[in-house]
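Given next are the chains, with one letter for each unit.
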Amino acid sequence: MDTTSSLYDLTPIAWLMAAGVLIALGPLLWVWRRNAGAGPARRLHALTVLTLFLTFDLTLFGAFTRLTDSGLGCPDWPGCYGNASPVGARHEIAMAQSAQPTGPVTHSKAWVEMVHRYLATGVGVLILTLAGATWVVRRRQRRLPAPNADGEHVTLSAWWPAATLVWVCLQGAFGAMTVTWKLFPAIVTLHLLGAIVLLALLCIQAVHYRQAAARRLPTPVSPALRSGLIATAVLLVLQIALGGWVSTNYAVLACTQFPTCQGSWWPAMNFAQGFEIWRHLGVTGEGQPLDFSALTAIHYVHRLMAYVVFVALGVLALRLRRIGSLRPQAHWLAGLALLQLATGLGNVLLGWPLAAAVLHTGGAAALAVVLTWALCESRRDLAIATRRADDNARTAPPSKKAAA
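Reference entry: report on the structure contained in this document. Keep in mind the model is a prediction, meaning the values are calculated, not measured.

### Looking at the overall build of the protein
Part 1 of the reasoning: For the protein, the helix and strand inventory stands at 14 helices and 2 strands.
Part 2 of the reasoning: Counting every position in the protein, which comprises 404 residues, the buried fraction comes to 47%.
Part 3 of the reasoning: Nonlocal contacts in the protein, meaning residues at least 24 apart in sequence, comprise 78% of its contacts between residues at least 6 apart.
Part 4 of the reasoning: Of the roughly 20400 Å² of accessible surface on the protein, a fraction of 68% belongs to carbon and sulfur atoms.

### Looking at the packing of aromatic side chains
Part 1 of the reasoning: Tallied over the entire structure, the rule returns 8 aromatic pairs.
Part 2 of the reasoning: Aromatic pair Trp266 and Phe271: ring centres 6.4 Å apart, planes at 35°, arrangement tilted.
Part 3 of the reasoning: On the basis of relative accessible area, Trp266 is assigned to the exposed category, the value being 57%.
Part 4 of the reasoning: A network of ring pairs unites the aromatic residues Trp181, Phe184 and Trp278 as a single cluster.

### Some points on the packing of helix α6 (residues 159-180) against helix α7 (residues 185-214)
Part 1 of the reasoning: In the contact formed by α6 and α7, the axes pass within 9 Å of each other and the chain directions differ by 160°. Judged on the interaxial angle alone, α7 and α6 are roughly antiparallel. As for how α6 packs across α7, the hand of that crossing is left-handed.
Part 2 of the reasoning: Residue composition of the contact of α6 with α7, grouped by class: 17 nonpolar, 8 polar and no charged.

### Quick word on the pattern of salt bridges
Part 1 of the reasoning: Inspection of every chain in the model, using the stated rule, returns 2 salt bridges.
Part 2 of the reasoning: Here Arg216 and Glu377 are joined by a salt bridge, their closest N and O atoms 2.8 Å apart. With Arg216 in the loop between α7 and β1 (219-221) and Glu377 in the loop between α12 (354-376) and β2 (378-380), this residue pair connects regions lying 161 residues apart in the sequence.
Part 3 of the reasoning: With a relative accessible area of 32%, Arg216 lands in the partly exposed category.

### Things to note about the environment of Arg226
Part 1 of the reasoning: In this structure, Arg226 sits in helix α8 (residues 223-248).
Part 2 of the reasoning: A distance of 2.9 Å separates polar atoms of two side chains, one belonging to Arg226 and the other to Ser378.

### Brief notes about the side chain of Thr296
Part 1 of the reasoning: Along the chain, the position of Thr296 falls in helix α10 (residues 292-320).
Part 2 of the reasoning: Residue classification places Thr296 among the buried residues on the basis of a relative accessible area of 0%.
Part 3 of the reasoning: Excluding residues within four positions of it along the chain, Thr296 makes contact with Ala254, Cys255, Cys261, Gln262, Pro267, Ala268 and Met269.

### A word on the nonpolar core
Part 1 of the reasoning: Core analysis: the biggest nonpolar cluster contains 57 residues, and Ile240, Leu320, Leu333 and Leu371 have the highest contact counts within it.
Part 2 of the reasoning: Elements with a contribution of two residues or more to this core: α2 (11-34), α3 (40-67), α5 (107-142), α7, α8, α10, α11 (327-349) and α12.
Part 3 of the reasoning: It is α12 that contributes the most residues to this core, 11 residues altogether.
Part 4 of the reasoning: Counting 12 residues, the second largest nonpolar core, distinct from the first, contains Ala251, Val252, Ala254 and Leu295.

### A word on a nonpolar patch on the surface
Part 1 of the reasoning: Together, Phe258, Trp266, Phe271, Leu304, Tyr307, Val308, Leu349 and Leu350 give the surface a local cluster of nonpolar side chains, amounting to about 800 Å² of exposed area.
Part 2 of the reasoning: No other element matches α10, which puts 3 residues into the nonpolar patch.
Part 3 of the reasoning: Looking at where Val308 falls in the secondary structure, it is placed in helix α10.

### A look at the environment of Thr106
Part 1 of the reasoning: Looking at the secondary structure, you find Thr106 in the loop between α4 (90-99) and α5.
Part 2 of the reasoning: Each residue touching Thr106, except ones within four places of it in the same chain, is listed here: Ile93, Gln97 and Pro101.
Part 3 of the reasoning: At 3.3 Å, the side chain of Thr106 and the side chain of Ser108 are in polar contact.
Part 4 of the reasoning: At 3.2 Å, the side chain of Thr106 and the backbone nitrogen of Lys109 are in polar contact.

### Notes on α12
Part 1 of the reasoning: Taking 1.5 Å of rise per residue, the 23 residues of α12 would be expected to cover 33 Å, and the 33 Å separating its terminal C-alpha atoms lies within 8% of that figure.
Part 2 of the reasoning: Within α12, 18 of the 23 residues are buried, which leaves it mostly tucked inside the rest of the structure.

### A short note on the state of the cysteines
Part 1 of the reasoning: One pass over the full model with this rule turns up 2 disulfides.
Part 2 of the reasoning: The disulfide partner of Cys74 is Cys80, and the gap between their sulfur atoms is 2.1 Å. Its S-S torsion of about -80° marks the bond between Cys74 and Cys80 as left-handed, since a negative value means left-handed. Each member of the pair Cys74 and Cys80 is classed as buried.
Part 3 of the reasoning: Between the sulfur atoms of Cys255 and its disulfide partner Cys261 the distance amounts to 1.8 Å. Its torsion about the S-S bond being -65°, the disulfide of Cys255 and Cys261 is classed as left-handed. Of the two residues, Cys255 and Cys261, neither departs from the other in class, the shared state being buried.
Part 4 of the reasoning: Look at the protein and number its bonded cysteines as they come in the sequence; the links are 1-2, 3-4.

Here is what the cut-offs are and how they apply
- Residues numbered from 1 in each chain as written.
- Predicted model: local features only at pLDDT ≥ 70, side-chain atom pairs only at ≥ 80, totals over all residues.
- Heavy atoms only, no water.
- Helix = DSSP H or I, 4+ residues; strand = E, 2+ residues; numbered from the N terminus.
- Buried < 20%, exposed > 50% of the residue type's maximum accessible area, 1.4 Å probe, protein only.
- Contact = heavy atoms within 4.5 Å.
- Areas by Shrake-Rupley, 256 points an atom, 1.4 Å probe, with all protein chains shown as cover.
- Phe/Tyr/Trp six-rings, centres within 6.5 Å; stacked < 30°, edge-to-face > 60°.
- Axes fitted to C-alpha atoms, helices over the stretch in contact; angles between N-to-C directions.
- Parallel < 35°, antiparallel > 145°, perpendicular 65-115°, else oblique.
- Left-handed = near helix turned anticlockwise from the far one by under 90°.
- Nonpolar A, V, L, I, M, F, W, Y, C, P; charged D, E, K, R; others polar.
- Salt bridge = Lys/Arg side-chain N within 4 Å of Asp/Glu carboxyl O.
- Polar contact = N/O pair within 3.5 Å; in protein donor to acceptor, adjacent residues only side chain to side chain.
- Core = buried A, V, L, I, M, F, W, Y, C linked by side-chain atoms within 4.5 Å.
- Patch = residues over 30% accessible without salt bridge, like charges linked within 9 Å, V, L, I, M, F, W, Y side chains within 5 Å.
- Expected span 1.5 Å × (residues − 1).
- Disulfide = S-S within 2.5 Å.

Put into structure tokens, the structure is as follows:
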């Protein structure tokens, strides 16, 4: 009877939710008091930007949790050995730590893991509030006979907040699986990608609310530039996935030289083992230990892809800089690309220092946010391409005109 009741003990999750509500109350009160006289779109924009900032911080803290090997500091979920905090699990943690002093369960690692869960729940409460508030505002706007002073109801949509709410629930499920599946590499990598998607969804909302409050449309750009933005975003997502695969497989130190690896431009690499997705940490699908050449393949593919992404970001930044309204995004992309280069080299040459590793994850997340920002602030304009074609035709030499 006691065993059955313990399986369905809801106390830890109730305390976790209570902690999330308490964490979210401060930001909510601050936003609502600071924007008390503003319109609905401005208040929602302020709340979304704050939630985006806190989600970015949560992503950094998640990287810190992973890099300090604290992901299994509490090896169950949602509580810690069935308790709401490591305080109630002191005995179990002490027993595990005495058995393995440098193992995954220690008092400090347990606190790091639980603080990450508390913060994640707080972000979830903020996103739930944002979805509910947007839905209420949307319903009120539908009753208005005409646009209000800001014209907000023309562009506000409740679907993006709803999608974000669904996504944060999925992200929470991946967080639980990260623990219960014992740092399964594919799950941990998907959890990282889920965080990037969550940041992008919040960025989309923030830009849309700002455009609604200012009654401003995205900047028209040429189809080629718009395609370049999308292509660079796709490359970045692929590179973040490769970077997550490097980190979750602890392959950073497989190459400790630059630009060569292990004294060679093309070291021995086992791609089949390295990119076997569905397997446990450190072993193949058959349970055999991974070859070092597999870790080398994981690392080196990420490094080669980094060259491609760095060039793509540089070219895109130069092209965006020519458009006044998109110049801030161009500067951010250029600066963050240089930060990624510096922290990536620091990880390789300095032996994977914690600060550089966390900053490398943060730089990747920031790049995803800035690219999303640029995509939301621009729109494809076929008229630009038509005008350029007409200008080229008018300025072409007579011989080329005759040939045409």
